[in-house]
Amino acid sequence: MHVLGRLLLAATSDLSGALHLGARSALLVELSSLDEQRDRVAQARGHAILEDAKAIMGQDGVPSVKLHLRKGDLLDAVQAVEADIRAITIGKRGEGHGFASGHPGSTLERIIRASTVPVFVASRANKPISKVLVAYDGSTSVKVAIDRMATARSLQTST
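Residues numbered from 1 in each chain as written. Predicted model: local features only at pLDDT ≥ 70, side-chain atom pairs only at ≥ 80, totals over all residues. Heavy atoms only, no water.

What about the pattern of salt bridges?
Note the cut-off: What counts as a salt bridge is simple: a side-chain nitrogen of Lys or Arg found within 4 Å of a carboxyl oxygen of Asp or Glu. To qualify as a helix, a DSSP run of H or I must reach at least 4 residues; to qualify as a strand, a run of E must reach at least 2; elements of each kind are numbered from the N terminus. Working definition: with a 1.4 Å probe on protein chains only, accessible area under 20% of the residue-type maximum means buried, over 50% means exposed, and in between means partly exposed.
Inspection of every chain in the model, using the stated rule, returns four salt bridges. For R38, the salt bridge is made with D35, and the minimal N-O distance between the two is 2.5 Å. Taken as a pair, R38 and D35 lie in helix 1 (residues 21-59) at a separation of three residues, close to a single helical turn. The exposure class of R38 is partly exposed, given its relative accessible area of 46%.

Structure follows, in structure tokens:
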């Protein structure tokens with residue numbers, strides 16, 4: 001699943017009041033056209049990201065992948081499908097944020113706090129998984145998470 005988040009306007013002030021009526025109308029028409037174009041580009045990019053992910057998963061032996069492109073809030077989108085998924089894999093920081101920061105993004109924190117399934121956090125660098133850290137507090141939810149990880153086909157290694 002890829003979620004197209006709400007776009008934030010880059011403009012810091014509204015200068016339309018400084019224009020005469022005809023110019024304002026023309027500007028609004030042009031801005032509307034630009035918004036439509038941005039939406040089409042974002043959707044095309046979202047589909048391309050999903051297709052690339054499907055191809056990578058296919059190379060790794062995943063036989064079937066369902067692609068979902070959604071709009072809106074990421075947490076809302078995750079909660080809408082959470083009953084049908086076993087785990088979530090999400091990036092540490094969003095695209096619009098600097099990657100120098102050592103702490104997780106606020107959206108990631110919201111997902112981790114609200115999720116009822118295990119959440120795997122992917123770093124920007126692609127490295128094979130060699131270790132998994134589980135915060136174990138003896139609760140039922142942690143025991144369920146450990147059981148899910150232990151029985152997941154894709155996490156088992158052949159010896």
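Concerning the nonpolar core
Definition in use: For the purposes of this section, nonpolar cores are sets of buried Ala, Val, Leu, Ile, Met, Phe, Trp, Tyr and Cys residues that join through side-chain atoms within 4.5 Å. Note on contacts: a residue pair is in contact if any heavy atoms of the two residues lie within 4.5 Å.
Formed by L75, V78, I88, I90, L108, I111 and V117, the largest nonpolar core amounts to seven residues. Breaking this core down by element, the ones donating at least two residues are helix 2 (74-81), strand 3 (88-91) and helix 3 (106-114). Aside from chain neighbours lying at most four places away, what touches L75 is R110, I111 and A114.

Section: helix 2
Put simply, the rule is: What the arc describes is the spread of directions from the helix axis to the C-beta atoms. Pairs of N or O atoms within 3.5 Å make up the polar contacts considered here, provided that, within protein, one atom can donate a hydrogen while the other can accept it, and that residues adjacent in sequence are counted only when both atoms are side-chain atoms.
All of the buried residues along helix 2 are L75, A77, V78 and V81. Along the axis of helix 2, the buried positions cluster into a sector of 160 degrees, meaning they face one direction only. Buried residues in helix 2 make contact with strand 1 (2-4), strand 2 (69-71), strand 3 and helix 3. Taking the backbone nitrogen of L75 as reference, a side-chain oxygen 3.2 Å away marks D73 as the first, capping residue of helix 2.

Some points on the packing of helix 2 against helix 3
The packing of two helices is summarised by the inter-axis angle and the distance between the axes. Applied cut-off: Note on definitions: angles span 0 to 180 degrees between N-to-C directions of axes, and those axes are lines fitted to C-alpha atoms, for helices only across the stretch in contact. Our angle categories are set so that under 35 degrees counts as roughly parallel, over 145 as roughly antiparallel, 65 to 115 as roughly perpendicular, and the remainder as oblique. For a crossing to be left-handed, the near helix must be turned anticlockwise from the far one by less than a right angle; the clockwise case is right-handed. When residue character is reported, Ala, Val, Leu, Ile, Met, Phe, Trp, Tyr, Cys and Pro are called nonpolar, Asp, Glu, Lys and Arg charged, and the others, Gly included, polar.
Contact geometry for helix 2 and helix 3: axes closest at 10 Å, N-to-C directions at 30 degrees. When the axis of helix 2 is compared with that of helix 3, the two are roughly parallel. Judged by the twist between their axes, the crossing of helix 2 over helix 3 is right-handed. Counting all contacts with helix 2, which are made through L74, L75, V78 and Q79, the residues of helix 3 involved are T107, R110, I111 and A114. Partitioned by chemical class, the residues of the contact of helix 2 with helix 3 number five nonpolar, two polar and one charged.

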